[in-house]
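Structure assessment
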Amino acid sequence: MQEVTHSYLDELNDIQRQAVVQTEGPIMVIAGPGSGKTRVLTYKIAHLINIGVPPWQILALTFTNKAAREMKERIEAVVGSSARRVWAGTFHSIFARILRVEAHRIGYPNDFTIYDTDDTKSLVNELIKSMDLDKKAYNAGVIRSRISASKSNLITPKAYSQNEDMLNYDRMNRRPMTYKIYEKYVARCKRSGAMDFDDLLLQMFRLLYENPDNVKEKYQRQFSHLLVDEFQDTNFLQYEILKQFVNYEDSPHNVCIVGDDAQSIYSFRGATIENILQFETDFPNLNTFKLEQNYRSSQHIVDAANGVIGYNRRQIDKKIWTDKIGDQKIKVIKTISDNEEGRRVADLIIEQKHRHNLSNSDIAILYRTNAQSRVFEEFLRRQNIQYRIYGGLSFYQRKEVKDLLAYMRMTVNPNDDEALKRVINYPKRGIGASTVNKLLAIADDNQVSLWQTIPHVQLSKRAMSNLAEFAALIATLRKHMAEGKNAYDLAVLISKRSGIVSALKTDNTMEGVGRLENLNALLDGVKDFVENDEVIEGENPLDKTLASYLQSIALITDMDNDKEEKETVSLMSTHACKGLEFKSVFVVGMEENLFPSYMSLSSPDQIEEERRLFYVAITRAEEYLTITYSNSRYQHGQMRFNDPSRFLEELPPETIDSVIPLKQKQGFGEPKILGNFKPTGLKRVKKLMIDPQNFHPDDSSKIKPGMRVLHLKFGEGNVLDIDERFVATIEFDQIAVNPKKRIMLQYAKLQILD
DNA sequence: GGGGGCTATGGGGGG
DNA sequence: CATAGCCCCC
């Protein structure tokens with residue numbers, strides 16, 4: 001009725017608009033690459049808010065934090081700051097947030113630890129060892145993924161132990177005790193007050209399904225409208241949770257899923273396209289919208305993508321088209337070695353930048369495996385081209401960072417067995433494997449955490465006193481936490497008291513210095529967290545506890561860092577590139593055994609998934625697409641000779657520029673590092689409005705309405721109002737979107753200007 | 001219990 | 001090639 005008055009609707013094509021303005025009932029949007037999918041999602045949410053749906057009743061589940069953040073920013077540009085109260089985030093982060101409030105209802109502490117992949121692997125390894133199993137047959141990674149897959153399909157340890165198919169499969173692979181490891185694994189996580197990534201989904205499901213204190217109705221009422229992005233990448237469990245939210249008596253089924261079967265690339269972690277088909281069955285009065293116009297790529301790229309994906313058998317019928325002008329064909333380049341490939345790509349980047357006036361940020365290099373990034377780094381560095389690697393080892397996975405985080409985890413939740421194992425003897429305090437094994441045995445007998453066994457263990461005098469010292473350390477840290485110290489003060493205290501800092505200070509090697517820098521970067525990050533003083537209207541008051549900090553970082557990935565950073569060439573895996581676009585894209589390493597991966601060659605389904613992955617990669621390009629492959633490359637430490645990828649033959653010939661003949665060049669000799677590049681991971685790039693040197697915050701109790709003040713991040717502004725909770729409303733001059741910020745004076749760093 | 005040096009082994013994508 | 005795990009010696 002009022003839709004005509006909303007100007008953003010003019011920015012949509014007919015189909016997009018129909019999908020946006022239908023605000024009731026189930027909707028499915030099949031969205032080809034570059035078809036304005038994000039635009040539909042964001043405008044749909046903006047539209048819901050405009051017609052009066054409270055933002056906090058909207059739940060939007062995305063695939064990455066980055067996608068959620070961008071979506072929120074774009075909604076905010078349309079409807080203002082109320083957009084921030086939309087529940088937008090990844091499945092994992094949204095459910096973690098809910099579980100922080102509700103976990104006690106299903107037998108977990110609300111301050112539960114989140115185990116990352118390393119933690120779970122270490123736990124599985126420990127169980128394999130303690131059960132005296134052959135660790136060749138029982139590969140921790142394989143067992144871990146069996147457990148993960150079981151959870152994702154709602155198969156409990158009990159169901160597993162009664163499932164003849166799964167047992168047979170394990171027997172055939174000479175690991176019949178897998179079910180037992182699974183059972184012990186679950187018990188261990190439980191008594192450690194820990195959830196792994198799958199638990200964030202599984203326990204969320206349990207919470208809704210078992211429905212203690214009618215908690216399900218609470219969330220069904222709260223979330224009146226659900227939206228799911230990248231639905232093709234959801235697994236069985238995620239879909240079951242979705243249905244728990246949506247299916248109840250007289251439910252309006254306000255659920256909108258957006259996805260593209262052709263871009264389903266995560267079956268290895270349980271994603272299933274079946275969910276799309278199932279959705280059509282489960283919601284028969286569904287309206288389906290197909291977005292087929294591609295606004296991103298030029299004709300040849302779209303033709304190539306259509307050509308390639310046509311080789312897949314099963315797919316939802318659609319035809320992607322574009323009216324973008326441009327006769328740029330796809331370049332396919334063959335090189336003699338992986339080194340040569342790196343050099344050619346770097347040279348071409350220089351050339352493109354000059355010839356087409358591109359900047360670094362217009363360019364991406366996409367590879368199948370993260371290990372391929374090395375040669376490109378090397379040559380980009382030589383050419384003095386700024387770059388950034390996304391993915392790979394994230395900052396939070398570095399050893400020294402994990403060590404300090406483990407102490408923080410122990411402080412928040414001392415029952416966290418994995419954290420305890422990590423730090424009980426780091427820095428060295430004379431508590432070795434035999435002591436830990438004793439603790440493990442007692443813990444197992446009594447089904448308690450390692451921490452809880454400490455008062456009961458019998459050891460030699462010396463071991464006892466070492467152990468008592470460790471326990472006292474943790475108890476002291478916990479005392480400080482109970483006294484209300486904020487996360488930063490605690491983190492500094494922990495880094496000193498634990499001895500981590502002094503241990504690293506004695507190491508004067510380059511590595512040691514780097515580690516210390518990383519620790520400081522971590523502490524800076526905690527400081528950042530504590531000093532963030534912006535209040536989001538209607539949200540809980542700012543929580544600066546260590547537990548809250550740990551929660552805030554548990555689910556961030558390498559993709560989420562440094563969003564402000566520009567002017568770098570992006571290097572990332574083909575998986576990580578989903579949802580992004582660049583003027584110029586290089587898809588490298590197009591060889592058999594690499595892309596498609598040798599792991600996928602035996603199964604037609606997996607080859608099809610590799611093809612979809614290639615489809616995703618090439619559709620990132622707006623204007624220039626360059627594909628390279630190499631005659632030879634170092635793989636697994638030795639020289640390999642792979643054939644060109646089968647996917648190259650599937651590119652329609654008329655979309656390809658003549659294959660550029662291989663040019664032999666002399667080698668460069670020893671690589672010379674030209675400097676001026678930054679190591680990845682430890683940067684903390686925050687846009688500051690002013691030079692911190694010139695910033696001298698005043699006592700915030702002196703701040704009064706009408707004053708002119710300076711804020712480190714937001715710049716100059718006028719204090720409009722201060723309410724009874726000492727939250728100031730300040731309008732900042734240089735903030736374009738929503739210049740009025742709510743700042744909690746308790747944490748505020750403000751300098752008075754007049 | 002700690003540390004150094006050697007051997008064996010595995011090496012995909014990510015929340 | 002990188003790392004985990006093992007053995008041996010202190």
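In short, a report on the structure. (Residues numbered from 1 in each chain as written. Chains lettered and ligands numbered in written order. Predicted model: local features only at pLDDT ≥ 70, side-chain atom pairs only at ≥ 80, totals over all residues. Heavy atoms only, no water.)

Attention now moves to the overall build of chain A. What chain A contains, in helices and strands, is 27 helices and 22 strands. Over its C-alpha atoms chain A spans a radius of gyration of 27 Å, differing by no more than 12% from the 27 Å that the globule rule assigns to 754 residues. Taken along its principal axes, the extent of the C-alpha atoms in chain A is 80 × 70 × 65 Å. Considering chain A as a whole, with its 754 residues, one finds that 54% of them fall into the buried category. Taken as a whole, chain A presents about 34,100 Å² of accessible surface, with 50% of it coming from carbon and sulfur. The distance from the centre of the 101 positive side-chain charges to the centre of the 102 negative ones in chain A is 5 Å. (Helix = DSSP H or I, 4+ residues; strand = E, 2+ residues; numbered from the N terminus. Rg over C-alpha atoms; globule rule 2.2 N^0.38 Å. Buried < 20%, exposed > 50% of the residue type's maximum accessible area, 1.4 Å probe, protein only. Areas by Shrake-Rupley, 256 points an atom, 1.4 Å probe, with all protein chains shown as cover. Lys, Arg positive; Asp, Glu negative; His and termini not counted. Charge placed at Lys NZ, Arg CZ, Asp CG, Glu CD.)

In this section: the nonpolar core. Ranked by internal contacts, the top residues of the largest apolar core, which has 51 residues, are Met-408, Phe-470 and Tyr-549. In this structure Met-408 touches Ala-491, Ile-494, Leu-522, Val-526, Leu-546, Tyr-549 and Leu-550, once residues within four positions along its chain are discounted. The next biggest cluster of nonpolar side chains, apart from the first, holds 44 residues, and it includes Phe-112, Leu-202, Phe-245 and Phe-279. (Core = buried A, V, L, I, M, F, W, Y, C linked by side-chain atoms within 4.5 Å. Contact = heavy atoms within 4.5 Å.)

Among the 28 residues in the neighbourhood of DNA strand B, the closest are listed as Arg-368, Asn-370, Lys-428, Ser-434 and Thr-435. Of all atoms in DNA strand B that approach within 4 Å of the protein, 45% are sugar or phosphate atoms. Between a phosphate oxygen of DNA strand B and a side-chain N or O atom of Asn-425, the distance comes to 3.1 Å. Between DNA strand B and Lys-428 there is a distance of 3.3 Å, counted from a phosphate oxygen to a side-chain nitrogen or oxygen. Among the secondary structure elements, those contributing two or more residues to the surface near DNA strand B are helix H10 (197-210) and helix H19 (433-446). (Near = heavy atom within 4 Å. Polar contact = N/O pair within 3.5 Å; in protein donor to acceptor, adjacent residues only side chain to side chain.)

This part covers the pairing of strand E2 (residues 58-62). Judged by how many residues are buried, E2 sits mostly within the fold: five of five residues are covered. Of the two faces of E2, the one holding Ile-58, Ala-60 and Thr-62 and the one holding Leu-59 and Leu-61 are both buried throughout. Inspection of the sheet shows E2 paired to strand E6 (residues 225-228) by four bridges, in the parallel sense. Note on E6: the bridge partner recorded for Leu-61 is Val-228. With four bridges joining them, E2 and strand E3 (residues 87-90) adopt parallel strand pairing. (Pairing = 2+ DSSP bridges.)

This part covers the sheet that holds E3. Read across the open sheet, the six strands follow the order E3-E2-E6-E7-E1-E8; overall the sheet is parallel. Each end of this open sheet is capped by a strand with a single partner; those strands are E3 and strand E8 (287-291). This sheet shows a mean twist of 15 degrees between the axes of neighbouring strands, independent of strand direction. As paired strands, E6 and strand E7 (residues 255-259) are joined by three bridges and run parallel to one another. Paired with Leu-226 across the two strands is Val-255, which belongs to E7. Strands in contact with helix H13 (residues 274-282) are strand E1 (27-31) and E7; relative to E1, the strand with the most contacts, it is inclined by about 150 degrees. (Axes fitted to C-alpha atoms, helices over the stretch in contact; angles between N-to-C directions.)

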